[in-house]
Amino acid sequence: MSDYLVRAIAANAQIRAFAVKTKDVVETARAAHNTSPVVTAALGRLLTAGTMMGAMLKGEKDILTLQVNGSGPMQGMTVTADYKGRVKGYAKVPDVVIPANSKGKLDVAGAVGIGVLSVIKDMGLKDPYVGQVALQTSEIAEDLTYYFATSEQVPSSVGLGVLMDKETNTVKQAGGFIIQLMPFADDSVISKLEENLQSVDSVTKMFEDGNSPEQILEILLKGFDIEITDTSPVEFYCNCTKDRVEKALISIGKKDLQELISEGKEIEMNCHFCNTNYTFSVNELKEILKKVKR
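A few points on the structure. Being a predicted model, the structure only gives us computed values, none of them experimental.

1. Details of unusual backbone geometry
Outside of glycine, negative phi angles account for most residues, and trans bonds account for most peptide bonds.
Then, in step 1: Positive phi is not limited to glycine here, since A13 has a value of about 65°.
Then, in step 2: Topologically, A13 is positioned in the loop between β1 (4-10) and β2 (15-21).
Then, in step 3: For A13, a relative accessible area of 32% puts it in the partly exposed group.
Then, in step 4: One non-glycine residue with positive phi stands out, namely I140, at about 80°.
Then, in step 5: As for its position among the elements, I140 is in the loop between β7 (129-134) and α4 (141-151).
Then, in step 6: Owing to a relative accessible area of 3%, I140 belongs among the buried residues under this scheme.

Here is the structure:
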């Protein structure tokens, strides 16, 4: 497997952990949307988080949506994921170019700006679950750590990273981890875990050193008994098709469709998530009009 996710438990199930490699996922998104390096880093972090949080879903049809809306030049981004490791996403402004931050790194916080993180879980109920927190650092990982602590009351550590190849502007490394403490965790387990987390390198450094997701969990959970409970592939996947876009056109109603037809030109519809364009000729629009009931 090129990109894959690992789930594990440790310390007699007092800790649950996820680690994922997402290099191909993030590169696919970069190529689809032609994102600048700083947007690739921001969107890549959110896509990586989406793969792991999607894996926390229980139902086959459950959908997770992560939305970041900020005051920065990128304006925001949206990612959706399911429990099968399928994830997709886009940034509102994909071509942002800003100076590096004070550490000489891509300034994700500057591109995102001050704003809000929303976590939406559609689990087939009447209303989806929506959790919202103010962005704490706008670096994404710390914001999700804060979300888990405040909205789900689960002490967590989230690490996310995207490393760009400066010569080719392609994705060199991408991945992340989420470590969570269960309510019954002993103080000694908490102290040892905090000690481990303070001593680790960045996510991308661990991948650059040749570590796999399994090995990253071994580093993070050093001194604990670890049980890998599942390994599964992850991929950038969009379920858009021309038929689905046609249904969207049907939903706009007769009046608006008639106006499009009267212009006498083919139209192009774009999928935000994968940036695929679908073209409909005037004749196709006329056929769609016949299917409209209102």
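2. What about the pairing of strand β8 (residues 156-164)?
Then, in step 1: With eight of nine residues buried, β8 lies mostly within the body of the structure.
Then, in step 2: The pairing of β8 with strand β9 (residues 171-181) spans nine bridges and is classified as antiparallel. In the sheet register, S156 faces β9, and the bridge partner there is Q180.

3. A few points about the side chain of T48
Then, in step 1: Relative to the helices and strands, T48 is located in helix α2 (residues 37-54).
Then, in step 2: Polar contacts involving the side chain of T48 include one to the side chain of T22, which spans 2.8 Å.
Then, in step 3: T48 has contacts with V20, T22, V26, L160, G175 and G176, leaving out every residue within four places of it along the chain.

4. Observations regarding the packing of aromatic side chains
Then, in step 1: According to the stated counting rule, one finds two aromatic pairs in the structure shown.
Then, in step 2: Ring geometry for Y90 and F273: centres 5.2 Å apart, planes at 85°, overall edge-to-face. With Y90 in strand β5 (residues 86-91) and F273 in the loop between β12 (267-270) and β13 (277-280), this residue pair connects regions lying 183 residues apart in the sequence.
Then, in step 3: By relative accessible area, Y90 is classed as buried at 18%.
Then, in step 4: Note on F273: relative accessible area 18%, which makes it buried.
Then, in step 5: The aromatic ring of F273 is capped on one face by K88, whose charged end is 4.6 Å from the ring centroid.
Then, in step 6: Over the aromatic face of F280 sits the side chain of K242, whose NZ or CZ is 4.8 Å from the ring centroid.

About the thresholds
Residues numbered from 1 in each chain as written. Predicted model: local features only at pLDDT ≥ 70, side-chain atom pairs only at ≥ 80, totals over all residues. Heavy atoms only, no water. Helix = DSSP H or I, 4+ residues; strand = E, 2+ residues; numbered from the N terminus. Buried < 20%, exposed > 50% of the residue type's maximum accessible area, 1.4 Å probe, protein only. Pairing = 2+ DSSP bridges. Polar contact = N/O pair within 3.5 Å; in protein donor to acceptor, adjacent residues only side chain to side chain. Contact = heavy atoms within 4.5 Å. Phe/Tyr/Trp six-rings, centres within 6.5 Å; stacked < 30°, edge-to-face > 60°. Lys NZ or Arg CZ within 6 Å of the ring centre and 35° of its normal.

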